[in-house]
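# Reading the structure
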Amino acid sequence: MAGRRREKKDLQKLKKEAEEVIVYLQWDAVSHQKIQELLDKTAAEVEAELKELLSFQHQDTEIKESVLLDEYVCVFWWAKSKSFSVTQISFTLAVLHMLLENIKEKQMDIVDNMMEFVKALAPACYCSQSAEGATPLLGKQESAAFVIYVKESFFHKYRLYQTLFSTSREQVSIGMERTIEVFPSKNGITPLEEGTTFEDPGDPVAGDACMANMTF
């Protein structure tokens, strides 16, 4: 009797493993077919397409839209330069979108957002042992390259994105004008930099150790 129960339990375990589905992010705003089409387009055409998909209408005059559009365009070209597949490119775009939305909708600090990044990345680096011949969405080198890219292109500019999502269009414009006005300095350091400390929890340095210790 005990043997039958054990056998039944083992069968249930095997069935569960066989039915295991790895779910990773994909950007719903752009279909795989559209991404495939973008791969054959010029830089200007890609920018125009993403601008329309993101419903940006004032990127030429509004700093927020300009910065965000540039971020999406850059991650697309980065993924293309790495010869990522359509599914991999959709994943990278989806991750960027999630990170930006976490700041916009949840006012998430850098450390919490880094943890969300890790959670999103994990399934893409995992391969189910129950699926014969299966491979993860991102290999070790691909995932490592993506971590470095996100760290340098997104998390190192975290305060910029926080400012964009928490400040009105007029205030952002005034702030940019003031930054431009005070940029020249005798010692090459702007007043903003002189007054900056790395104790601020919103500073990218606060999360560097977390990013450096990521392993997949």
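All of the points below concern the structure found in this document. Counting restarts for each chain, with residues numbered from 1 along the sequence as it is written. Given that this is a predicted model, residues contribute local features only at a pLDDT of at least 70 and side-chain atom pairs are listed and counted only at 80 or more, while totals for whole chains, interfaces and linings are drawn from all residues. The side-chain numbers reported here are obtained from all heavy atoms of the structure, hydrogens and water having been left aside.

All right, on to the nonpolar core then. Burial of nonpolar side chains together is a common tendency in soluble globular proteins. Counting residues in each nonpolar core, the largest one holds 48 residues, and the members touching the most others are Phe 117, Phe 146, Phe 154 and Phe 155. Secondary structure counts use DSSP, requiring at least four H or I residues in a row for a helix and at least two E residues in a row for a strand, with both numbered from the N terminus. Looking at this core, the elements with two or more residues in it are α2 (32–38), α3 (43–53), α4 (63–81), α5 (86–106), α6 (110–124), α7 (140–153) and α8 (158–166). For this core, the element with the highest residue contribution is α5, accounting for 11 residues. Apart from the residues within four sequence positions on either side, Phe 154 is in contact with Leu 96, Leu 99, Leu 100, Ile 103, Asn 113, Tyr 149 and Tyr 161. Residue types Ala, Val, Leu, Ile, Met, Phe, Trp, Tyr and Cys, when buried and joined through side-chain atoms within 4.5 Å, form a set referred to as a nonpolar core. Buried, partly exposed and exposed residues are distinguished by accessible area as a fraction of the type maximum, computed with a 1.4 Å probe on protein chains only: under 20%, between the cut-offs, and over 50%, respectively. The contact rule is simple, with two residues in contact once any of their heavy atoms fall within 4.5 Å.

Each reported salt bridge corresponds to a side-chain nitrogen of Lys or Arg within 4 Å of a carboxyl oxygen of Asp or Glu. In total, this model carries 5 salt bridges according to the counting rule given. Close ionic contact of Lys 34 with Glu 49 constitutes a salt bridge, the shortest N to O distance being 3.5 Å. Remark: Glu 49 occurs in helix α3 and Lys 34 occurs in helix α2; sequence separation between them is 15 residues. Since its relative accessible area comes to 22%, Lys 34 is described here as partly exposed. The partner of Glu 49 in a salt bridge is Lys 41, with the nearest N and O atoms 3.9 Å apart. Under the relative-accessibility criterion, Lys 41 is labelled partly exposed at 24%. Taken together, the shared-partner salt bridges connect Lys 34, Glu 37, Lys 41 and Glu 49 into one network.

Turning our eyes to something else, we now look at the packing of aromatic side chains. Note on aromatic contacts: the rings of Phe and Tyr and the six-membered ring of Trp form a pair at centre separations within 6.5 Å, being stacked when their planes are under 30 degrees apart, edge-to-face when over 60 apart, and tilted otherwise. For the structure on display, the rule yields 12 aromatic pairs. For the ring pair Phe 154 and Tyr 158, a centre distance of 5.8 Å and an interplane angle of 90 degrees mean the geometry is edge-to-face. The class for Phe 154 is buried, based on a relative accessible area of 1%. Put simply, the rings of Trp 78, Phe 84, Phe 91, Phe 117, Phe 146, Tyr 149, Phe 154, Phe 155, Tyr 158 and Tyr 161 pair up and form one aromatic cluster.

Let us now look at the side chain of Asn 113. Assignment of secondary structure puts Asn 113 in helix α6. Accessibility expressed as a relative area gives 0% for Asn 113, which makes it buried. Not counting the four nearest positions on each side in its chain, Asn 113 is found in contact with Leu 99, Asn 102, Ile 103, Met 108, Phe 154, Phe 155 and Tyr 158.

Moving on, we get to the environment of Leu 68. Tracing the backbone through its elements, the reader meets Leu 68 in helix α4. The class of Leu 68 is buried, set by a relative accessible area of 7%. Put simply, Leu 68 and His 97 are 29 residues apart on the chain and 9.8 Å apart in space, counted from C-alpha to C-alpha.

To get an axis, fit a line to the C-alpha atoms, keeping to the stretch in contact for a helix; angles then go from 0 to 180 degrees between the N-to-C directions. Relative to each other, α3 and α4 sit at 125 degrees, their axes nearing to 10 Å. Classified by the interaxial angle, the pair formed by α3 and α4 is oblique. Regarding α3 and α4, the two cross each other, and that crossing is right-handed. For the pair formed by α3 and α4, the contact residues are Ala 43, Val 46, Glu 47, Leu 50 and Lys 51 on the first element and Leu 69, Tyr 72, Val 73, Phe 76 and Trp 77 on the second. When residues are grouped by polarity, Ala, Val, Leu, Ile, Met, Phe, Trp, Tyr, Cys and Pro land in nonpolar, Asp, Glu, Lys and Arg in charged, and all others, Gly among them, in polar. Tallied by class, the residues present in the contact of α3 with α4 amount to 8 nonpolar, no polar and 2 charged. Under this scheme an angle from 65 to 115 degrees is roughly perpendicular, one under 35 degrees roughly parallel, and one over 145 degrees roughly antiparallel; angles in between are oblique. Two helices cross in a left-handed way if the nearer one is turned anticlockwise from the farther one by less than a right angle. They cross in a right-handed way if the turn is clockwise.

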